[in-house]
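A look at the structure
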Amino acid sequence: MDKGGSTASVLSVKGFACGYGKSAPPVLQGIDLAIATGETLCLLGPNGAGKTTLFKTMLGFLKPLSGIMSINDEDTSSWHRKRFAQHIAYIPQEHTPAFPFTVLEVVLQGRTPHLGTLGSIGRTDNEVAKTALESLAIGHLSGRDYTTLSGGERQMVLIARALAQQPSFLVMDEPTASLDFGNQARVLERVRALAASGIGVIMTTHDPNQALLLGGKVACMGRDGSFVVGDAAATVTPDLLRSLYDVDVIYAQAQDAEGRQVPICAPFIAAWGSDGCS
Amino acid sequence: MGDGRYRSFSVVLLLALLLVVAVFASLTLGRYAVPWEELWGFVMSGGSQGIDETTGNVLFHMRLPRVAAAVLVGASLAAAGCAFQGIFKNPMVSPDLLGASAGAGFGAALGILLSLGGAGVEVCAFVAGLAAVGISYFLSAAIGRALSGVLVLVLSGMVIGNLFQAFTSAVKFVADPNSQLPEITFWLMGGLSAVREGDLLWLGSAALTGGAGLLALRWKMNVMANGDEEAMSLGIQVKRVRLAVVAFATLLTSASVAIAGMVGWVGLIVPHLARFLVGADQRILLPTSMILGATFLLVVDDFCRSIYTTEIPLSILTSIIGAPLFVYLIARTRRSH
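The rules behind each value
Residues numbered from 1 in each chain as written. Chains lettered and ligands numbered in written order. Predicted model: local features only at pLDDT ≥ 70, side-chain atom pairs only at ≥ 80, totals over all residues. Heavy atoms only, no water. Axes fitted to C-alpha atoms, helices over the stretch in contact; angles between N-to-C directions. Helix = DSSP H or I, 4+ residues; strand = E, 2+ residues; numbered from the N terminus. Parallel < 35°, antiparallel > 145°, perpendicular 65-115°, else oblique. Left-handed = near helix turned anticlockwise from the far one by under 90°. Contact = heavy atoms within 4.5 Å. Nonpolar A, V, L, I, M, F, W, Y, C, P; charged D, E, K, R; others polar. Buried < 20%, exposed > 50% of the residue type's maximum accessible area, 1.4 Å probe, protein only. Salt bridge = Lys/Arg side-chain N within 4 Å of Asp/Glu carboxyl O. Core = buried A, V, L, I, M, F, W, Y, C linked by side-chain atoms within 4.5 Å.

Topic: the packing of helix H4 (residues 123-135) of chain A against helix H5 (residues 151-164) of chain A
Residue and element names in this part refer to chain A. Between H4 and H5, the least distance of the axes is 8 Å, while the angle of their chain directions is 135 degrees. Regarding the angle of H4 to H5, the classification is oblique. For H4 against H5, the interelement crossing comes out right-handed. Residues Val 128, Ala 129, Ala 132, Leu 133 and Ser 135 of H4 lie in contact with H5, whose contacting residues are Ala 160, Leu 163 and Ala 164. When grouped by side-chain class, the residues that make up the contact of H4 with H5 number seven nonpolar, one polar and no charged.

Notes on unusual backbone geometry
Positive phi, normally seen in glycine, also occurs at Gln166(A), with a value near 50 degrees. Considering the arrangement of structural elements, one finds Gln166(A) in the loop between H5 and strand E7 (169-172). Within the chain, Trp265(B) stands out as a residue other than glycine whose phi angle is a positive 75 degrees. Topologically, Trp265(B) is positioned in the loop between helix H11 (238-260) and helix H12 (266-278). Judged by its relative accessible area of 28%, Trp265(B) is partly exposed.

Here we look at the pattern of salt bridges
When the charged atoms of two side chains with opposite charge come close together, those side chains can pair. Here the structure, examined in full by the defined rule, presents 14 salt bridges over all chains. When salt bridges with common partners are traced through the structure, they connect Asp239(A), Arg242(A) and Asp248(A) into a single cluster.

Quick notes on the nonpolar core
Among the nonpolar cores identified, the biggest contains 183 residues, and Leu11(A), Leu54(A), Met58(A), Ile88(A) and Phe88(B) are the most heavily contacted of them. When near neighbours in sequence (up to four residues on either side) are disregarded, Ile88(A) contacts Leu11(A), Leu59(A), Met69(A), Ile71(A), Gln165(A), Pro167(A), Phe169(A), Val171(A) and Ser233(B).

Coordinates in, geometry out; function isn't part of it.
Here it is as structure tokens:
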């Protein structure tokens, strides 16, 4: 079994049509994309374009209406859940557990696909979980009640849980939603570090800047069914953003602390009354 | 991590000790007093130090079966409640969520109406309890393919539970008001006075099967508390695990209700109390709930049979104790958040 880090794996989606049941019209059609371990892929698109539908299908929560997903050319639709979970981890956006689990207990859940039938946690599992917490510098939270943590801390704990799962690929649903400016940056740094450690990270975001800052690949989904995949810097252009989100954009090159040119974008907000509404 | 685990283990050990003490105390307690010195001497000598015949009769044929039944029923209901709260992600859930108690109540009422006698009534109650949950489950599977599995299941359980309660009312309506109606009413109020040695064999096997099944699934129940999608992404076969948990928990609930009648609150409140003591991890929460449930019901049953000259129905006391305790626990949980 190849795992992220040692050998490269490639996850590819070919001709996906996604939707909710055969009777309803498909939400998405003709989706092709590929991501290798060590890469990042940002999924951009307006509300209602089908980002959630796409990755729910990729995670196997929904059956694709047509098309296949494969890892290293092996069709994953025949994999049982456990094997699937050994390769792909998922970090949900909202995570509000009904019970006050401790942080360590939450992270240990990442070990589930690696446990035997009776599912008892062993010493190695504890070690892996603790290493995951330490690697994110949140080892001190280990005994805390997860439900009392701040949003940023919870996001880090969920990343630790995904790390404990030791996947080749990681799917993150808007990992920076509801985080403050600083925590957003810290999560993005973490995403980049995860990719550097040999995991392929797929994440959705509402902020095109995050795609530009991360570099790597982007997939842009329009509400009209358009689907563009490419390198972030080349793909996320003012024209694309304008057509994707139906707003005018401000787009500039800025210099970061290390002297590199970074493209920055923001929506253009018209002054009240200047658009002739008044 | 050590500290938390060690603390939890010592709590469990203490609770187990408390249960043993409660069992001893319960054996001596009752209208026919068994001096504890006599009992202690008998147990410590491994049975060689004899006790007189009357005491032996009371002890082995009346009190021991009853104590054992209280322990088994308490542990079963608490385990079922703990498991249901876990997989339905809701601490307000009790083991009769899917209609097990309502079904068993109807089965018992029907058995009494048909004059089937003690054992027949128990079998009827047990089978009807299983049937009610089975109907809820298949109903939800039939209508809920595209919808969220848990919600449809809970709603189906509500519908079926209500339906079976209506059936029970119908049976009461046609029952003989002089003999059968009071019997049905008393049965539904719950109690352990009718327990005989013969009941223990099958109550014990149901409790053992259900209890062992749930214990084997306790890590998966932890993961299921995250919701279906996250549990799937962590490698759990959600539908299969849910079906297994529902089956084991229903076995426990139906057997308990068949033996003890409707005993409310135990399955709801004991897991709360246990969570308060050892945290949310089912690995330790489930066994703790079992021990605590056994002790709770045993002590309540002791009160039922010794407070007053006639026995007080079990569900009256569990409610009177359970309701304020529950309010207190909710208040404590709120404050700690």
